[in-house]
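Chain by chain, the residues run as shown.
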Amino acid sequence: LKRVLTVVVVQNPKEWNSYNVKPLTFVHNPQSPFYPEMETAVGANLDYIIRTQETDGGWGLTWSWEERNPAAWKLAEKEWRGVVTVEALRTLEAFHRIAP
């Protein structure tokens, strides 16, 4: 599994603004068995999360299906932004990237 992750995880920060598998997709905390091999990429991914926080305190989505159903997307986007924001905050907390 560790070898597979080195192939499927996108480690280039310039590609993280699209829908793909990022280092923190599989490494949820420093105790993860995958953390040692991906420590550098995880650190960069944490920095990316901090950099991409929006002014309202949340995070945007890296996907959309607005063109298929704009009205439904408007509602779904709000809910998914909440999910993504909670996930980002939990991740930052797990790696001690949130000041007490």
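In short, a report on the structure. The structure displayed is predicted, hence computed values, not measured ones.

## Topic: the packing of aromatic side chains
Next, step 1: Under the criterion given, the structure shown has 5 aromatic pairs.
Next, step 2: Ring centres of Trp16 and Tyr48 lie 5.5 Å apart, and the angle between their planes is 75 degrees; on these two criteria the pair is classed as edge-to-face. One end of the pair, Trp16, is in the loop between helix H1 (2-8) and helix H2 (35-51); the other, Tyr48, is in helix H2, and 32 residues separate them in sequence. Of the two residues, Trp16 and Tyr48, both sit in the buried class.
Next, step 3: When the centroid spacing of 5.6 Å and the interplanar angle of 80 degrees are considered together, the rings of Trp63 and Trp80 count as edge-to-face. Placement of the pair is Trp63 in the loop between H2 and helix H3 (70-94) and Trp80 in helix H3, with a sequence separation of 17 residues.
Next, step 4: These aromatic residues form a ring-pair network of at least three members: Tyr19, Trp63 and Trp80.

## Structural notes on the nonpolar core
Next, step 1: Formed by 14 residues in total, the largest nonpolar core has its most connected members in Leu24, Val27, Val42, Leu46, Ile49 and Phe95.
Next, step 2: Within the residue set of this core, elements represented by two or more residues are H2 and H3.
Next, step 3: For this core, the leading source of residues is H2, giving 5 residues.
Next, step 4: What Val42 contacts, discounting residues up to four positions off in sequence, is Pro23, Leu24, Val27, Tyr35 and Phe95.

The rules we used
- Within each chain, residue numbers correspond to sequence positions counted from 1 in written order.
- Residues qualify for local features only when their pLDDT is at least 70, as the model is predicted, and side-chain atom pairs are given and counted only at 80 or more; totals for whole chains, interfaces and linings, by contrast, use all residues.
- No hydrogens and no water enter the side-chain calculation; it runs on all heavy atoms of the structure.
- Under the pairing criterion, centres of Phe, Tyr and Trp rings, with the six-membered ring standing for Trp, must be within 6.5 Å; the plane angle then separates stacked pairs below 30 degrees from edge-to-face pairs above 60, leaving the rest tilted.
- Only DSSP runs of H or I reaching four residues or more are called helices, and only runs of E reaching two or more are called strands; each is numbered from the N terminus.
- Relative accessibility under 20% of the residue-type maximum defines a buried residue, over 50% an exposed one, and the middle range a partly exposed one, all with a 1.4 Å probe and only protein chains included.
- Side-chain atoms within 4.5 Å are what join buried Ala, Val, Leu, Ile, Met, Phe, Trp, Tyr and Cys residues into a set we call a nonpolar core.
- Here, two residues are considered to be in contact whenever any of their heavy atoms come within 4.5 Å of each other.

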